[in-house]
Every structure is written in C-alpha cells, then in structure tokens.
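Summary of the model geometry
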Amino acid sequence: MYPFTPGSYAPRNGWYVAAFAEEIGEALLSRWILNQPVVMYRTADGTAVALEGRCPHRHFPFGESKRIGDTIQCGYHGITFDAAGKCTFVPSQTTIPGVYSIKRYPLVERGLWAWIWPGDPARADEALIPTLDEIGYTLPGMIPNAFYAMHVKGRYQLLNDNLLDLTHLGYLHGTSIGTPDDAATPEVRDLNERRLSSRRTMLDTPQPPLHMENTDYRGPIDRISGMDFFFPGFHSGIGEQRYPRSHPQAGQIINTSRVWHAVTPATRMTCNYFFAMSATTQERLDRAKITLKPVLDEDSFATEAIEKIIQTMDELPPELMLKSDVTAVQGRRILQAMMDRETLEREGLDAATA
Amino acid sequence: MYPFTPGSYAPRNGWYVAAFAEEIGEALLSRWILNQPVVMYRTADGTAVALEGRCPHRHFPFGESKRIGDTIQCGYHGITFDAAGKCTFVPSQTTIPGVYSIKRYPLVERGLWAWIWPGDPARADEALIPTLDEIGYTLPGMIPNAFYAMHVKGRYQLLNDNLLDLTHLGYLHGTSIGTPDDAATPEVRDLNERRLSSRRTMLDTPQPPLHMENTDYRGPIDRISGMDFFFPGFHSGIGEQRYPRSHPQAGQIINTSRVWHAVTPATRMTCNYFFAMSATTQERLDRAKITLKPVLDEDSFATEAIEKIIQTMDELPPELMLKSDVTAVQGRRILQAMMDRETLEREGLDAATA
Amino acid sequence: MYPFTPGSYAPRNGWYVAAFAEEIGEALLSRWILNQPVVMYRTADGTAVALEGRCPHRHFPFGESKRIGDTIQCGYHGITFDAAGKCTFVPSQTTIPGVYSIKRYPLVERGLWAWIWPGDPARADEALIPTLDEIGYTLPGMIPNAFYAMHVKGRYQLLNDNLLDLTHLGYLHGTSIGTPDDAATPEVRDLNERRLSSRRTMLDTPQPPLHMENTDYRGPIDRISGMDFFFPGFHSGIGEQRYPRSHPQAGQIINTSRVWHAVTPATRMTCNYFFAMSATTQERLDRAKITLKPVLDEDSFATEAIEKIIQTMDELPPELMLKSDVTAVQGRRILQAMMDRETLEREGLDAATA
C-alpha cells in the first residue's frame, strides 16, 4: 500500500505512542491503533493500562463500556475483565470459560507519552523506546508540554514523509515556521539502529515569521533545524536560533525548542497524530500552543489532500524523487524492511505450523 | 458475511415486516428491503401494495415518482404501472411491450404490520406469518400501538443476536428495563417449526428502574421475561410483573406488556427496525413510547458500534461463546440453514437450466 | 461499468469541456477530469492552460498551491512548474532533474468553453471540437451566457442518457419545460461522424408552463425541440416556439433558444455538468437563469438517485428498452466503440512493447 509493497502499511513490532499520559485517567479512553480498537485507563494504583478495545463475546467497544473499580464491564452483556485482560465475571454463569480473556498490550509511560507495542508482546523490549535523553526531553531549563492529540484522515506514512523532509517548511509553512533556506540548505544525516537523524545549520538566514514572537530583533540569525526519526513513528525535532556573527550578541541563543511528533496508524488509511513541545518558559509554550495550531492544520491538510488523490486515482504514477528525498527514502526503506521481516516470520510460522 | 457463511446475510423466502400498516397510505412509501428498493401504497379500495421500487426502464426510484389513481407514473419518463405491476402506459408509444412489468411482492396486512415476502412468490404461504394469537396480539384488554419505524446502520443479524440474548437487559439497559437477574436467571427454550422461544422466571427479584413507572410499590417482584423469535425477522416479547409471595397482594399482576420487534434487512449492512407494543391502558403506552425511546437508541447504538468494528478490522477474531449464547446460536443456525437451502435450490436450478 | 462493458466508463480520446472560459483566470482552478486532478489558469498573455493537478513529487494538489507569475509553485515543497509543465525551480537543489515535468493537456477555448483532450495529445485535433456554427452559437441576434458549472454525484453516462432521451421533459420537468407531447411525438434522427442529432416537431401543441414566461398568449403553439450530441460529452439543444396555423400571427416566432449541456466525467461515478444558453435578449437570459435552476436540479436529482440504486443493488437487472431509446442506445454504442478502439490500441501497444 503506497508507498509500501501491497498489503503492508506499518510495522507491528515497534513502540508507538497510544496517547499522551495525561489523557489516560479514570475514564475509558478508546482509540484505534493499527486497525485494532484499543481501550486505555489508569488503575487505582496509577498504572496506565491498554487492553483490546472490543469484547471477545460480541465485538462491543469497551470504550463505550463501564469501568468498575479496576475492571471493565462490557456495556452490552456485562462480561467483565480486569486490568490483566482476564475475565473476572460473566453475568449469565458462575464459571468463567478458560478461553475468556482479552489481550493486554505492553504499555509504558515515558515522558509525556504512553507507548504501546501492538506486535508480539514477547519482543516488547522497553530499551527500544526512545530515551528521554536522546529526544532532548531532559534538557535543563526546558518545560515539556503535551499540545494536541489529533486524528488525521490520511495514512500514517504520509506524516512520516512530511516529517522526514523539512524542505516543506518554507512552503507549506512559509507564513509561519520556515523560509526558503530550509530547503536550500543541505542536511547532514546520521543513521543508527534506533533513529535516522537529519540536521540543517543555516547561518545569517532570515527569521521565519513565527520565530519573531520571541525577540524584537528582526535581522538575520543563525539557525539549527533538525529531526530525529525513531522508528517506527516518533519524530523528535530540534530548533535553535542565535544572534549571527554580525550582531553584538553573536552566538547568544534567542530561542531554543524541542518539538515531538508521534504518528500512530489508526486504520490503514487514517492516523493518530500527537504533537508536544518544550521551551524555556511556560509563557512561550502557551503562545506556541496557539500559534502552531494553524501549522499543524497545514500538515493535516496536506496529508488528507494527498490521501484523497491517492485513493481516487486509478493508477498512481510513481513519484519523481529529488536529492532532498534521501532521508525520506531511507526512512521508508527501514520501515519496509521491518515489515518484510514480520511477513517472513509470519510465513515461517505458518509453514512450521502447517 | 459475519456471522454467516461468506455471501449470505439473510433468507429471502420468509415473511418480513416491510412497514407498519399505518405507514402505508395515499403517498408512495419507499424502503430498501433485502438490497432491493421497494415502493408501497394503498389503492383506492384500501389494499396495501408493494412493488419493485425501481423503474425497469432506467432504474429511477418509484418512491420519488407520482401516484395517479392506483397507478405509479415514473417520475423520469412517465412510464406507468398499475398495482399489479403491469405497465399501463408508455408516453412515447401506443403499444406496450409484453416484457413491461414490475415485480409485485406478496404483501399481507396482519396486526399492526404489513408483511412482505421478498423471495419466490410461489412459496409465499400466509400460514407462515406469525398469527395474532401466537404473538399475544389478541390478549383481552391489551391495546397494541405502533411506536417507531427506524433505520439502523448495522446488519440485520446484529439486532437478531441482540433480541435472542436478553442477558443484555441488565447491562445495556441497566438504567431502564433490566437488572443483573435477567442474565443470572437461566432461560427455558422451546423450538418448533415456526419460532424459537425463550423464557425467564425471576422470583423475588428487584424491579428494573423503568418498571416502577407502573406502581408505587418499590420492593421485589416476581417477573416473567421472554422472547419468541419467528423466523426470519420477527421477535415477540413478553413481560409480566406480579407482587411476590411476601406481599399482601401476592400473585396479583402489577403490569403486563407485549413488545414486538421486527427486523428487516435494508441493505447487506443496514436494516429496518420496527418497534411496537401493547399494554393495558393507552396512558401506559403513551408513557412507554417516550421512556422506551432511549432504550431503543441503546440497541441501535450497540448495533452500529459493532458494525463499525466488524467493517474496520482486517480480520475479525472468532467470537468467544457463553452458555447463554445457546439461543442466539440456535437462531443463527436456523437462519443459516434457510439460506443454505436457498443456495442449493438456486444451484440446482442453475444446473437444470445450464 | 453500467451501461458499458466492465472497466470502461468514458472515452479518453475526445474533447470534453473542462470549464467555462470565464472560470479560468488569475486563480488556480482545480477540477477532477476522467479520474485525474487537473489545474487550470490563465497566463499573463491570456492563454488558458490545463496542467496535471498533482505534484509529481508527493501528489500534493496544485489547486491548493500558489501561482507565481505564470508558474505554479507546489504548496507543499515549493517545486515550481511553468505553463508548459516544465519544472523551473526545485528549492532544495540547483539542477533540475530531466524527468521533472508535468503533463500539459491540450486546452482550446471556443465559445463559452475551454475544451480539454484527456487522451493521447498527438491526436488532439481541434477540428474535432464542435464548431460554433454547428452548435448554433453564431446565430444572429442571439446572446450566449454561461449559467452553471455543477458537480453531480452520478456517472457521466447517466446525464448523456438523460439528454439523449427527451421523452423525460413532460415528466421529470412536467411543471416547467415539457409536456406529454414531447414523448408522444416521434423524433427524427440523423447521425454523422461528429454528432447524433434528434428533432421533434410538435404542431398545435400545448405550451410548457415555463415557456409562457415569454408571451401573454396561452393557446397552443408549434414547437421544435431537439438535441445534437457531439461525442463524447457535449449536447447542443434547440428550442423554437411559433404561433400555430390557427393564430393570426401564424408562423411568427414567439421564442427561440439554444441550450448547451457539457458533461465531463470527474471520477468514474461522478461528473462535471456545465449548462449554458443563448436567447434573444439578456432579460430573457437573466430570467431563464433563475427559472431553469430547478429544472437542472431535477436532472441532477434523477442522476444521483439512479446512481445510488445502481451502486447499492447486488445485481442490476437489464434495462427494459422502448422504441424511444433508439437514440440513447445509438449514443451508447458510439461511446462504447470509442472505448473499445482505445482498449484495442492500448493492448496492441502493450503487445508491441512486450
């Protein structure tokens, strides 16, 4: 499925953001994740739990069910499951069938996020979750804030593509956070097992319009912009603006921020999109929450408009690639390899059990 | 098609409710029935008629056409058909082609309902329609009322499943018409050629909240609850509440009612749902019409929420069955057998004519 | 695809109306044409241009992009194309890849319309566009006006069928522009390489209600009504009303008009519908623009209602044809032959290059 091989759309063995930690509480939170309904809540001892979001009896959604203590009572026939996914009560009989249980997904809270592992739970190694250090969450003097949990009517890879190619900043976001220099400046890439990183350093470059919120200075600046893509769906962005060599305060930081984009497939052709950010003051964050909303809307718009074109055309012509696509293509290849590995393993398993 | 074998979703040879009799009048009433558009009206002599709802010339809907006397004049090119489905007028020519006719469906008014036979008309035996006696329509002192003709965005079998498993009363309708005892009490089943019957007798049981409308008494009661499923889509429900053994008026009836649920496939994944009821006074009926609306909305909600999950998931896991599912499973098997028989006959016919 | 052979829905090698000429200006106009997004605008020198409406880089719609001089700058990553479809600027690199270009569609302005050729550009012979003379555009004393560019949720052939069978005038439009005589009167057909023509002459016939706008006279008239279908999607209609033989001004024209219906597939199951008209005075046109709107809505309604029936039914029964269908059937055969030829050529090409 574009831009992947037919049938594949996202790896299952990987940590995805299921929700902001602050979204998970007393109430049952329901969300589609990789084409499965999932329900989340926080138990009395504060543990965030993610369970299959569908009663195994008649497929009724647990998100529309009732929480009783730490258990979920299905809103339809009252069958009840505890936080481990074990059935604890069947209203119509006194014994509970051995098969009666639902999947509990590995769910780990780290930073602002609750991370879910939709694939084989035996492989859910927490060491694979981005550490708070490597995403710049622990930088001294920086305050992290969860901004928006969104639902976008486009496949998850369209947002990955978006975030792996920041040459769009000066165009899609030309009135806010980017300038043509974002595209004109070559990026430096670095790949390791965990993430694909890219950085641009722009010297003596015009300030993007929105950046002027943070300073009365209107002249050129030095700017660093970059993104680290932690597979399969988390993008940690870096932004730093300094006074340029020509300025009396040369080298001094005007503003620095981290932005975090988590993209999680909802269904095959829709996704969940979680945006968070850190800055040096809460005041800057409060302002950014407002001013960045239209920027996020532009990304959603692009994603949904492209999705519509992909779905409507009979035959989608192959994309014409540019040098700046190296990062996005590398990101796609890594995801495709993850999916291919899963397919092979599944087939091996099928062959072994055949 | 879940929960039936691929391709099958409903028997065609069977009486379904097409409308409340009172809905059929002067105006052309259009309704989808088993994936076919149908048009209904009442002729001058009072006969309710059901015809194909689509002009055989260019597929224009008769529901949007014009009634002229007892005929329907297609709203597009004016081709006119009488109540027998025979073409009586072609505006563009003086002779009427022999092939020009539309299907007239067997339609029988009985009780509050107009019953349609979507399958082979040669088999439309009126004796197969539930009799008014067997559905408790003729009980002395009871007044029958048609309440709601609804359209539900879920496959018809989801509502059959709902009505064949009343253990949901104390949960989906826990704030109105059920208590946990509805599930905890074993049911007694009875099957014959015409219907699958189930009954629960609850002694000294708490009153469901809504039942207290009919009495100032707040203590426990004796209660009978049951449903008779007349294949393929009519459910006749019985409800009776009495003062319990501990009460001075022990055995005396507090309230009794009959409810009738008719479920008719509209398309493969949507259905028509007709709800009617009888009670001992019109006042009780008028109140019930209002108080039962949210209850019906809960059933529609469950049906539509499950339908959405079924349609969205890649692979629907098999249902985990409970002892209380015996009735629903029996009901499904009967419907599946009806569909299998139709398939065999169709194939036999195809073979014979090949 | 109904009513054509499976897979086919419209010829590609043919001139279709893409827009009214007056719609094409400074702003980027986006429109789906034969399942392809197309973008149109007018360059500084006044030339109307139609280009692929989708950036070849990441499929972003050009209709939501930015015009810079005579070029289009993609709203996503800023890649820029000139009016010839040649890439002129890639923000992220200084050289432009040789493959970087988009399709420019042949687009010709003639009369009120901009005509596009979606198929093989080598065959886009302007001589195949209906001439202004043959569609009655140049009649002395007649003023042509573009009225409505509409989007109809039904396949294009349903509107062709509608326009090739004017027996519907007295029924679908019985309160406005037709009478039963439109159906009862036989039509005279004429076919040549360019168009399929049909005419009806009605003598001493009642006036259609809307025609009385143009005269105080209420009696019968002589009337000519006809349509010329220029393949594959343009219908030129003629209407003329005269005083009848019994009238003192016998033979004198009461009103004459030309109506032009252009039908262009948007996607496989939706279409663009352009309606224009000429009359002898601007006042008559201004009134007709208002009074004909409900008539066009009736046609859209019929198209969309039929489309819905076609899409919902499992098996669409074959149409029952009438003598009056000869014109429509002839029109369908011509379109099917055009599509068959294209299929053969494509297969020949595939074979040759295999």
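In this convention, every chain numbers its residues from 1, walking through the sequence in written order. Chain labels run from A onward and ligand labels from 1 onward, assigned in the order the entries are written. Side-chain atom pairs in this predicted model are given and counted only at pLDDT of 80 or more, local residue features only at pLDDT of at least 70, and totals for whole chains, interfaces and linings cover all residues. Hydrogens are left out, water is left out, and the side-chain values use all remaining heavy atoms of the structure.

The name given to chain A in an unreviewed UniProt entry is Rieske 2Fe-2S domain-containing protein, and the organism recorded there is Sphingobium nicotianae.

**Looking at the confidence of the model for chain A**
Test applied: The quantity known as pLDDT measures the predictor's confidence residue by residue, on a range of 0 to 100.
Per-residue confidence for chain A gives a mean pLDDT of 96, with 100% of residues at or over 70. Taken together, the chains of this predicted complex give a pTM of 0.95 and an interface ipTM of 0.95.

**Let's talk about the side chain of B:N35**
Applied cut-off: Counting from the N terminus, the helices are the DSSP runs of H or I reaching at least four residues and the strands are the DSSP runs of E reaching at least two. Here a polar contact is taken to be a pair of N or O atoms separated by no more than 3.5 Å, where protein atoms must pair a possible hydrogen donor with a possible acceptor and residues adjacent in sequence count only if both atoms sit in side chains. Contact between two residues is taken to exist if any of their heavy atoms lie within 4.5 Å; hydrogens are not considered.
Structurally, the position occupied by B:N35 is in the loop between β2 (29-33) and β3 (36-42). Of the polar contacts made by the side chain of B:N35, one reaches the side chain of C:D314; its length is 3.0 Å. Those residues in contact with B:N35 that lie beyond four places of it in its chain are B:Y9, B:A266, B:T267, B:R268, C:T312, C:M313 and C:D314.

**Concerning helix α1 (residues 156-163) of chain B**
Within an α-helix, residues lying three or four positions from one another point in the same direction, as the helix has 3.6 residues per turn. Keep this limit in mind: We call a residue buried when its accessible area falls under 20% of the maximum for its residue type, exposed when it is over 50%, and partly exposed in between, using a 1.4 Å probe and counting protein chains only.
The buried count for α1(B) comes to eight of eight residues, which makes it a mostly enclosed element. All of the buried residues in α1(B) are B:Y156, B:Q157, B:L158, B:L159, B:N160, B:D161, B:N162 and B:L163.

**Structural notes on the interface of chain B and chain C**
Test applied: Buried area is a sum: the accessible area each of two parts loses on coming together, probed at 1.4 Å, counted once for each and added. A carboxyl oxygen of Asp or Glu within 4 Å of a side-chain nitrogen of Lys or Arg is what we treat as a salt bridge. Gly counts as polar in this scheme, as do all residues outside two lists: the nonpolar Ala, Val, Leu, Ile, Met, Phe, Trp, Tyr, Cys and Pro, and the charged Asp, Glu, Lys and Arg.
Facing 32 residues of chain B, the contacting portion of chain C comprises 33 residues. Across the chain B to chain C interface the summed buried area is about 2600 Å²; carbon plus sulfur atoms make up 62%. The largest per-residue losses of area from chain B upon contact with chain C belong to B:R58, B:H59 and B:Y76, which jointly make up 29% of the total buried on that side. Viewed at the interface, chain C and chain B are joined by three salt bridges. C:D314 is the partner of B:R268 in a salt bridge, and the nearest nitrogen-oxygen pair spans 3.0 Å. Our count for the contact surface shared by chain B and chain C stands at 13 residue pairs in polar contact (both at pLDDT 80 or more). Here the side of chain B that touches chain C is built from residues that sort into 15 nonpolar, 13 polar and four charged.

**Re the sheet that holds strand β4 (residues 48-52) of chain B**
Residues and elements named next belong to chain B. The test is simple: What makes two strands pair is DSSP finding at least two bridges between them.
Strand order in the open sheet formed by four strands is β2-β3-β4-β9, and the pairing between neighbours is antiparallel. Looking along the sheet, the strands with just one partner apiece sit at the ends: β2 and β9 (104-105). Alignment of β2 against β3, held across five bridges, turns out to be antiparallel. Bridging from a neighbouring strand, L29 pairs with M40 of β3.

**Observations regarding unusual backbone geometry**
Cis geometry is found at the peptide bond from A:Y2 to A:P3, where omega equals -5°. Here A:P3 lies in the segment before β1 (16-20). Cis geometry is adopted by the peptide bond preceding C:P232, which originates at C:F231 and carries an omega value of 5°. Along the polypeptide, C:P232 turns up in the loop between β15 (221-230) and β16 (234-242). Look at B:N35: it is not a glycine, yet its phi comes out positive at around 65°. Phi is positive for C:D204, which is not a glycine, with a value near 50°.

**Focus on the domain arrangement of chain A**
Residues and elements named next belong to chain A. As a reminder, the rule being used: Domains are outlined according to an automatic or database domain assignment.
Here the domain parsing of chain A yields domain 1 (16-123) and domain 2 (131-316 + 323-338). Between the C-alpha centres of domain 1 and domain 2 the distance comes to 33 Å. Listed by partner, the interface residues are 17 residues for domain 1 and 25 residues for domain 2. Taking both partners together, domain 1 and domain 2 bury about 1600 Å²; carbon and sulfur atoms supply 72% of that area. Sorting the residues of domain 1 by area buried against domain 2 places Y16, F20 and W113 first, and these three jointly supply 36% of that buried surface. Run the count over domain 1 and domain 2 and you get zero salt bridges. Inspection of the region where domain 1 meets domain 2 yields six residue pairs in polar contact (both at pLDDT 80 or more). At the level of elements, β1, β2 (29-33) and β11 (113-116) are the ones that each hand at least two residues to the side of domain 1 that touches domain 2. For the side of domain 1 that touches domain 2, the element with the most residues is β1, which contributes five residues. Broken down by class, the residue content of the side of domain 1 that touches domain 2 amounts to eleven nonpolar, two polar and four charged.

**Description of the packing of aromatic side chains**
Two numbers describe a pair of aromatic rings. These are the distance of the centres and the angle of the planes. For clarity, the threshold we go by: Aromatic pairing here means that ring centres of Phe, Tyr or Trp (its six-membered ring) are within 6.5 Å. Orientation follows from the plane angle: under 30 degrees is stacked, over 60 is edge-to-face, and everything else is tilted. A ring has a charge above it when a Lys NZ or an Arg CZ is no more than 6 Å from the ring centre and no more than 35 degrees off the ring normal.
Across all of its chains, the model carries 51 aromatic pairs over all chains by this definition. Between B:F60 and B:Y76, the ring centres sit 5.6 Å apart and the planes meet at 50°, which makes this aromatic pair tilted. With B:F60 in the loop between β4 and β5 (66-68) and B:Y76 in the loop between β6 (71-73) and β7 (80-81), this residue pair connects regions lying 16 residues apart in the sequence. For the pair formed by B:F60 and B:Y76, the shared burial category is buried. The side chain of C:K289 reaches across the aromatic face of C:Y148, ending 5.5 Å from its centre.

**Notes on the interface of chain C and chain A**
Listed by partner, the interface residues are 32 residues for chain C and 33 residues for chain A. Taken together, both faces of the contact between chain C and chain A bury some 2600 Å²; the carbon and sulfur share is 61%. Its largest share of buried area at the contact with chain A, chain C owes to C:R58, C:H59 and C:Y76, together 29% of the area lost on that side. Taken together, chain C and chain A are joined by three salt bridges. Remark: the boundary between chain C and chain A carries 13 residue pairs in polar contact (both at pLDDT 80 or more). Classifying every residue of the side of chain C that touches chain A gives 15 nonpolar, 13 polar and four charged.

**Observations concerning the pattern of salt bridges**
Per the stated rule, a full pass over the model turns up 66 salt bridges over all chains. With its nearest N and O atoms 3.1 Å apart, the salt bridge here joins C:R58 to A:D325. Separated into two different chains, C:R58 in the loop between β4 (48-52) and β5 (66-68) and A:D325 in the loop between α4 (293-312) and α5 (326-353) make up a pair that spans both. The buried category is assigned to C:R58, whose relative accessible area is 5%. Close ionic contact of B:R67 with B:D70 constitutes a salt bridge, the shortest N to O distance being 3.1 Å. Its relative accessible area of 19% is what places B:R67 among the buried residues. In this structure, a network of salt bridges that share partners links the residues A:R58, B:D161, B:E319, B:D325 and B:R332.

**Digging into the relation of the copies chain C and chain A**
Heads up, the condition is: C-alpha atoms of residues with pLDDT of at least 70 in both copies form the basis for the least-squares superposition of the copies.
For the pair chain C and chain A, the relating rotation is 120°, the translation along its axis is 0.1 Å, and the fit reaches an RMSD of 0.1 Å. Such a combination of rotation and displacement between the chain copies is what one expects of a three-fold axis. Rotation axis and chain C: the residue whose C-alpha lies nearest the axis is C:Q311, separated from it by 11 Å.

**Examining the sheet that holds strand β11 (residues 113-116) of chain C**
Residue and element names in this part refer to chain C. Put simply, the rule is: The axes are straight lines fitted to the C-alpha atoms, using for helices just the contacting stretch, and the angles between their N-to-C directions are given from 0 to 180°.
One open sheet accounts for three strands, arranged β1-β11-β10; its pairing is antiparallel. Two strands bound the open sheet, and with one partner strand each, they are β1 (16-20) and β10 (107-110). Adjacent strand axes in the sheet meet at a mean angle of 35°, parallel and antiparallel pairs treated alike. When β10 meets β11, the two strands line up antiparallel, connected through four bridges.

**Quick look at the environment of C:T47**
Residue and element names in this part refer to chain C. Mapped onto the fold, T47 is located in the loop between β3 (36-42) and β4. When its relative accessible area of 32% is taken as the criterion, T47 is described as partly exposed. Sequence-wise, T47 and L107 are 60 residues apart; in three dimensions their C-alpha atoms are separated by 9.5 Å. If we ignore the near neighbours within four places in the chain, the residues touching T47 are Y41, R42 and R104. A polar contact is formed between the side chain of T47 and the side chain of D45, at a distance of 2.6 Å.

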